[in-house]
Amino acid sequence: MTEQARMSRHLYLAIAAGFSALGGLLFGYDTGVISGAILFIRNQFMLSTFQVEMVISAVLFGAVGGASCAGYLADCMGRRKLLLWIALLFTLASLGSALAANAAWLIVSRVLVGLAIGVSSMVTPLYIAEISPAASRGMLVSLNQLAITIGIVVSYFVDYSLASTGDWRWMIGLGVFPAAIFGLGMLFLPESPRWLFKNGYEEKALQILTFIHGPLTAQEEIEDIHKHVKTPRATLVQSMTPWVKRALVIGIGLAIFQQMTGINTVIYYAPMIFEFAGIHTASTAILATSIIGIVNVLATFIALWLLDRLGRRPLLLIGLAGMILSLALLGASFHFSYFKNHLGWLTLSTLILYVISFAVSLGPIFWLLISEIYPLSIRGRAMSIATIANWLANLVVALTFLTLIDYLGPASTFWLYGAVGVVAWIFSYFLVPETKKMTLEQIEAKWNQ
Ligand code: BGC
């Protein structure tokens, strides 16, 4: 293959992965934007505390629902077609939320936005993994995580810049634009060759693989895929070999650890954490929160660069160790009165260390591994299970954080998340496999040995 052909294939793949990662951008934007918008929505609709909680958690409830049907739909109708429908749902539901005339209307629209997020959070990494070559799959799939972090930062800035007018309809409604671009982009992208092959479109699958990976690699991959689709459509129960069980435990375990180590207490409640630390001016708290958001994006670039070089396992273990250390220090800063005068700075620096550690490990690696470790015959449904666990755990943490702070205080709450981190480290050390530079079929074959 000439150097030029190789470059244009790389470029095509990066564009394809980039467009599909707009699903991640919407995930980040729509989960982040509500933190600022809610203040104005509450005033306009005169919401009770319960209604405020409902508006905020509506997306999470929707996402659990979306994740529950995503795998089945992705296996039945194809990854690309499903993403197209989801882009339409994102567009309409964002528009519906922005135009809401009352609280009930807003809550229903936000549940629908959540449904779209739940589906795309799973199908986007799945789709990218299935079109990517083994050598750069880590980076390409993690473009989705990068897009999530960018979506979160953009939502912080949009909230901040519209705060003076209080225009919450624009805050929420701006999601329509990336949603429409996402849909338009998907119109021009190919279906996953692996899904096509499994569903009998062998010629088309080979054509697409040849186009994106070149004729030699395509031929090798198609032979490999062929070996692994002998069992056409097994039910999950029929597929329960010991290694599938282990892979399910890994997916569910990492899903729960990704959330129960507390990332979204920082993403959703950072201004409040800074308030506990004695920073009472709103503008300073918002500035500190934006710094956290930007660090999250920058550190994700490091992950993208390292995932296919260093591998998934070392990054996961190093990042988890950093998360445990920073949570221990954060807890200590709140616990010991000695640090009282420096609490603001200590909080900011330990949170920065925490977010960097998350962004190079559990953040991207959870979504990456669940797109890699399941056999093709059940990939969609198995990923669904891990994704449901992730959204449920997210919901539990979001609903319990403030109560934990009330009952245990900030120090013990952060230590609790740190303790979960220790369990996550041990779990990962003993169970998580390395998948660097292996094709999805080689991973499947290795597990089967
Ligand atoms: C998690 C989200 C989190 C985000 C932060 C994602 O991997 O699934 O819950 O908000 O990372 O960057």
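Residues numbered from 1 in each chain as written. Predicted model: local features only at pLDDT ≥ 70, side-chain atom pairs only at ≥ 80, totals over all residues. Heavy atoms only, no water.

Moving on: the overall build of the protein. Secondary structure summary: the protein contains 20 helices and zero strands in total. In terms of overall size, the protein behaves like a compact globule, its C-alpha atoms giving a radius of gyration of 22 Å where 449 residues would be expected to give roughly 22 Å. Sorting the 449 residues of the protein into buried and exposed places 59% on the buried side. A separation threshold of at least 6 residues defines the contact pool for the protein, and within that pool the share at least 24 residues apart is 84%. (Helix = DSSP H or I, 4+ residues; strand = E, 2+ residues; numbered from the N terminus. Rg over C-alpha atoms; globule rule 2.2 N^0.38 Å. Buried < 20%, exposed > 50% of the residue type's maximum accessible area, 1.4 Å probe, protein only. Contact = heavy atoms within 4.5 Å.)

A few words on the side chain of Ser333. Secondary-structure assignment places Ser333 in helix H16 (residues 312-335). In terms of polar contacts, Ser333 uses its side chain to reach the backbone carbonyl oxygen of Leu329, at 2.7 Å. Those residues in contact with Ser333 that lie beyond four places of it in its chain are Phe339, Leu343 and Leu346. (Polar contact = N/O pair within 3.5 Å; in protein donor to acceptor, adjacent residues only side chain to side chain.)

Once that is clear, we can look at empty space enclosed by the protein. In the structure shown here, the tally under the stated rule is two cavities of 30 Å³ or more. Computed from the structure, the largest cavity encloses a volume of approximately 190 Å³. Lining the largest cavity we find 18 residues, and of these Phe27, Ile148, Ile152, Asn264 and Phe358 sit closest to its centre. Mapped by element, the contributors of at least two residues to the lining of the largest cavity are helix H2 (22-32), helix H7 (137-162), helix H13 (242-260), helix H14 (263-276) and helix H19 (379-431). Class assignment for the residues of the lining of the largest cavity results in nine nonpolar, nine polar and no charged. In this structure, the second largest cavity occupies an estimated 40 Å³ of space. Every residue lining the second largest cavity is listed: Val141, Ser142, Asn144, Gln145, Ile148, Pro364, Trp367 and Leu368. (1 Å grid on protein atoms, 1.4 Å probe; cavity = no way out; pocket = protein on both sides within 12 Å on 5 of 7 lines; lining within 4 Å. Points joined across faces, edges and corners; volume = space filled by probe spheres on them. Nonpolar A, V, L, I, M, F, W, Y, C, P; charged D, E, K, R; others polar.)

With that settled, consider the nonpolar core. Counting 128 residues, the largest nonpolar core has Leu254, Phe274, Tyr374 and Trp391 as its most contacted members. Looking at which element gives the most residues to this core, the answer is H19, with 15 residues. If we ignore the near neighbours within four places in the chain, the residues touching Trp391 are Phe27, Thr31, Leu60, Ala63, Val64, Ala67, Ile117, Gly118, Ser121 and Trp367. Core analysis: the next-biggest nonpolar cluster, separate from the first, contains 19 residues, Ala37, Phe45, Leu47 and Ile107 among them. (Core = buried A, V, L, I, M, F, W, Y, C linked by side-chain atoms within 4.5 Å.)

Another point: the layout of surface pockets. In this structure, the largest pocket encloses a volume near 1200 Å³. Breaking the lining of the largest pocket down by element, the ones donating at least two residues are H2, helix H3 (34-45), helix H4 (49-77), H7, H14, helix H15 (282-307) and H19. Here the residues of the lining of the largest pocket are counted per class, giving 27 nonpolar, twelve polar and six charged.

Taken together, 13 residues surround the ligand, and among them Gln145, Gln258, Gln259, Asn264 and Asn296 come closest. Gln258 places a polar side-chain atom, nitrogen or oxygen, 2.9 Å from an oxygen atom of the ligand. One of the side-chain nitrogen or oxygen atoms of Trp367 is found 3.0 Å away from an oxygen atom of the ligand. Relative to its free-state accessible area of 320 Å², the ligand is covered by the protein chains to the extent of 99%. (Near = heavy atom within 4 Å. Areas by Shrake-Rupley, 256 points an atom, 1.4 Å probe, with all protein chains shown as cover.)

The subject of this paragraph is the packing of aromatic side chains. Applying the stated criterion to the full structure yields 14 aromatic pairs. Taking 5.1 Å as the distance between ring centres and 40° as the angle between the ring planes, the aromatic pair formed by Tyr269 and Phe401 counts as tilted. Of this pair, Tyr269 sits in helix H14 while Phe401 is found in helix H19, placing the two residues 132 residues apart along the sequence. Residue class for Phe401 comes out buried when judged on its relative accessible area of 0%. For the cation-ring pair, Arg313 lies above Tyr429, with the distance from its terminal atom to the ring centre recorded as 5.6 Å. (Phe/Tyr/Trp six-rings, centres within 6.5 Å; stacked < 30°, edge-to-face > 60°. Lys NZ or Arg CZ within 6 Å of the ring centre and 35° of its normal.)

Such coordinate-based values are descriptive only and should not be taken to indicate function.
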